[in-house]
Amino acid sequence: MHRSSSDAAHAELKGVVRVYPAADGGKVHALGPVDLRLVPGEFYSIVGPSGCGKSTLLDVLAGLSAPTEGEVFFEGQPVAGKVPPGIGVVFQEDASFPWLTVEDNIAFGLRRAGVDGAEVDRRVSWAVGFMGLEDFRRAYPAQLSGGMRQRVCIARTLVTQPRLILLDEPFGALDAQTRLLMGDELLRLWRETGATVMLITHALDEAAMLSDRIGVMSARPGRLIADICTGWPRERDSRIAADEAFGAITSRLWGLLREESLKATGMAGAAR
Amino acid sequence: MKRATWIRTLVIVGFVLLLEALCRWGAIGRMTMIPPSAMAEHLWKLLQEGRYNGDIVQTLRNVLAAFVLAVVGGFVLGSLLHAWPRARRAVDPFLATYYAIPFFAFYPLLVVIFGLNAAPVILIGFLFGVVAMILNTLNGLDRIPPVLVKTARIAGLGPLRTALLVKLPSAAPQLFTGIKLAIAYSFIGVIAAEFIMSTSGLGYSIAYAFNNFDNRTMYALMLFIIVLVTVVNAFFHVWERRIMARRGL
């Protein structure tokens with residue numbers, strides 16, 4: 001498989017802990033300690049009960065927030081509260097800019113980075129074609145469906161040619177069929193760009209279908225309690241859902257998560 | 001034209017014609033109101049003679065000054081309060097109850113402080129408009145989706161470029177509401193202040209005509225104000241529609 005014990009970690013979390021100040025003056029221990037190594041080119045997913053700190057982990061890895069304890073590395077360099085070039089992030093919420101057309105949305109990051117006009121056009125045209133947005137280049141986000149807007153956000157990430165793509169429940173707001181199709185597109189994108197992908201999701205089937213490797217997180221404070229390799233071939237799509245192994249992986253994930261999910265809801269009950 | 005537009009136009013035209021008829025037939029006495037056509041005719045004459053041009057220019061200048069001060073001041077104060085939540089919590093009750101204060105009662109005080117010139121008039125217009133702008137600036141900044149700010153950070157934007165390229169356009173619809181209210185309040189504040197205690201300007205001229213039983217001038221100037229305010233608001237309305245259309249709304 002893609003796992004290796006060599007030093008070639010693409011991104012790495014070492015003993016990362018994140019504690020938030022709470023509204024009542026106390027502290028919320030949201031995450032960790034977490035150790036995680038992402039191998040170049042792998043498709044890694046994290047599943048966990050709601051509120052377990054999955055998004056916090058992504059924020060820390062992307063450099064959007066600094067860890068309270070521990071260290072974060074991307075391509076061997078420490079990530080210090082600043083998003084390093086080479087990392088792209090796609091969020092669950094609609095992150096398209098409503099005042100820009102689809103193509104201006106996609107070109108946003110490139111123009112800010114001072115990439116020259118011809119190169120911006122070339123990359124935007126490629127991303128528009130790749131995500132099937134040709135007919136909507138001059139449309140505004142308000143004129144698109146939720147799935148289309150998410151494609152715009154993915155295209156905007158793609159044009160920056162990230163080597164590590166982080167996705168925070170990117171299909172969470174979409175209907176089930178659209179999610180399956182977007183999952184296929186994500187696999188295609190991963191294969192064709194050769195990027196390392198880390199996907200955060202609450203959908204076990206999504207994780208089982210897409211990933212090379214799945215990390216299971218505990219209830220808050222989130223820790224990685226299991227590491228499951230799926231053994232899928234690199235050429236794959238949503239049809240592997242019919243494979244026997246798919247059911248086995250999904251039920252194994254649920255076996256691990258059921259208790260943590262109960263803990264998460266139980267904690268919510270006790271906190272009242 | 002849409003059906004609603006037709007009906008709206010019909011209602012206004014019908015109302016003006018009804019007024020015209022009631023005035024002409026004597027159902028409304030000449031000392032109460034003159035027919036709309038006579039208002040328009042007299043206004044045309046006044047504008048041609050240029051008797052009130054100085055007052056009109058002065059009022060417009062005061063409104064413009066109050067409006068610009070209210071928009072700029074409101075935006076700056078609103079942004080500062082947004083960046084400083086503790087101060088915002090402290091002044092929140094004042095902002096919420098602000099429009100319950102009858103400013104005009106303080107007009108004599110303002111005259112004592114600033115003298116009988118344009119300053120108290122502009123200040124009242126400004127005080128009227130500034131809080132609407134503050135509240136709408138806060139509202140607009142509150143509504144910026146955090147994910148857009150995160151997106152700006154991923155694109156490597158610093159605080160200044162994030163403010164200009166992401167926060168400002170994101171808050172634009174609410175800022176626009178603030179600007180529209182500020183222009184309306186500036187007109188109200190300035191003309192009302194002129195009405196009460198000034199010695200010149202449109203508001204003063206209307207009050208003067210009223211006190212001297214000069215109905216024709218009074219109604220002509222009122223008509224002028226209505227037309228002026230309608231034109232200004234229509235301009236902002238079209239501008240807003242154009243901005244919203246650019247967002248596909």
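Definitions and cut-offs
- Residues numbered from 1 in each chain as written.
- Chains lettered and ligands numbered in written order.
- Predicted model: local features only at pLDDT ≥ 70, side-chain atom pairs only at ≥ 80, totals over all residues.
- Helix = DSSP H or I, 4+ residues; strand = E, 2+ residues; numbered from the N terminus.
- Buried ≥ 20, exposed ≤ 12 C-beta atoms within 10 Å, placed from the backbone.
- Contact = placed C-beta atoms within 7 Å.
- pLDDT = per-residue confidence, 0-100.
- Pairing = 2+ DSSP bridges.
- Expected span 1.5 Å × (residues − 1).
- Axes fitted to C-alpha atoms, helices over the stretch in contact; angles between N-to-C directions.

> It is not clear to me how the overall build of chain B should be interpreted in this structure. Could you clarify?
Across its full length, chain B holds ten helices and zero strands. Start at the N end of chain B and walk to the C end: the helices and strands fall as α-α-α-α-α-α-α-α-α-α. For the C-alpha atoms alone, the extent of chain B along its principal axes is close to 70 × 55 × 30 Å. Every one of the 249 residues in chain B was classed for burial, and the buried ones make up 33%. Taking the contacts inside chain B whose residues are at least 6 apart along the sequence as the reference set, 74% of them involve residues at least 24 apart.

> I'm lost on the confidence of the model for chain A in this one. Help?
Where the model shows low pLDDT, its predicted coordinates should not be examined in detail. Across chain A, the average pLDDT comes to 84, with 95% of residues at or above 70. A low-confidence stretch, residues 268-272 of chain A (pLDDT under 50), is modelled with zero contacts involving residues beyond four sequence positions or located in other chains.

> I'm lost on the pairing of strand β7 (residues 164-168) of chain A in this one. Help?
Consecutive side chains of a regular strand alternate in pointing toward one face of the sheet and then the other. Residues and elements named next belong to chain A. Among the five residues that make up β7, five are buried, leaving the element largely enclosed by the rest of the structure. Here β7 shows two buried faces, one formed by L164, L166 and D168 and the other by I165 and L167. In the sheet, strand β6 (residues 87-90) pairs with β7 via four bridges, with the strands oriented parallel. Bridged to V89 within β7 is L166. Pairing analysis gives five bridges linking β7 to strand β8 (residues 196-201), with the strands arranged parallel. Residue pairing for β8: L167 is matched across the bridge by L199.

> When you look at helix α1 (residues 3-24) of chain B in this model, what are you seeing that I'm missing?
Residues spaced three or four apart along an α-helix face the same direction, because each turn holds 3.6 residues. Residues and elements named next belong to chain B. The end-to-end C-alpha distance of α1 is 31 Å, a good match for the 32 Å that 22 residues give at a rise of 1.5 Å each. The buried fraction of α1 amounts to one of the 22 residues, a small share that puts the element mostly on the outside. Just beyond α1, the residue with positive phi is G26, at close to 90°.

> Before we go on, may I ask you to explain the interface of chain A and chain B in this structure?
Quite often, the size of an interface is put as the accessible area lost when its parts meet. Counting from both sides, the interface comprises 17 residues of chain A and, opposite them, 15 residues of chain B. Considering every element that reaches the side of chain A that touches chain B, the biggest residue donor is helix α2 (residues 102-112) of chain A, with three residues.

> Any chance you could explain the sheet that holds β8 of chain A here in plain terms?
Within a sheet, neighbouring strands are paired by backbone hydrogen bonds and run either parallel or antiparallel to one another. Residues and elements named next belong to chain A. With mixed pairing, six strands are arranged side by side in an open sheet as β6-β7-β8-β3-β9-β10. Only two strands of the sheet have a single partner each, and these edge strands are β6 and β10 (224-229). Shown here is a sheet whose adjacent strand axes are inclined to one another by a mean of 15°, direction ignored. Of the pairings in the sheet, the one linking strand β3 (residues 43-47) to strand β9 (residues 213-217) comprises four bridges and is parallel in character. Looking at β9, one finds that I46 is bridged to G215.

> Just to check I follow, could you spell out the sheet that holds strand β5 (residues 77-78) of chain A for this structure?
Residues and elements named next belong to chain A. Reading across from one edge, β2-β1-β4-β5 is the order of the four strands in this open sheet, with antiparallel pairing throughout. Of all strands in the sheet, those bounded by a partner on one side alone are β2 (27-38) and β5. Sheet topology note: the strand β1 (residues 11-21)/β2 ladder contains eight bridges and is antiparallel. Residue pairing for β2: R18 is matched across the bridge by L31. Lying over the sheet, helix α1 (residues 54-62) contacts β1, β2 and β4 (69-74), oriented at roughly 120° with respect to β1.

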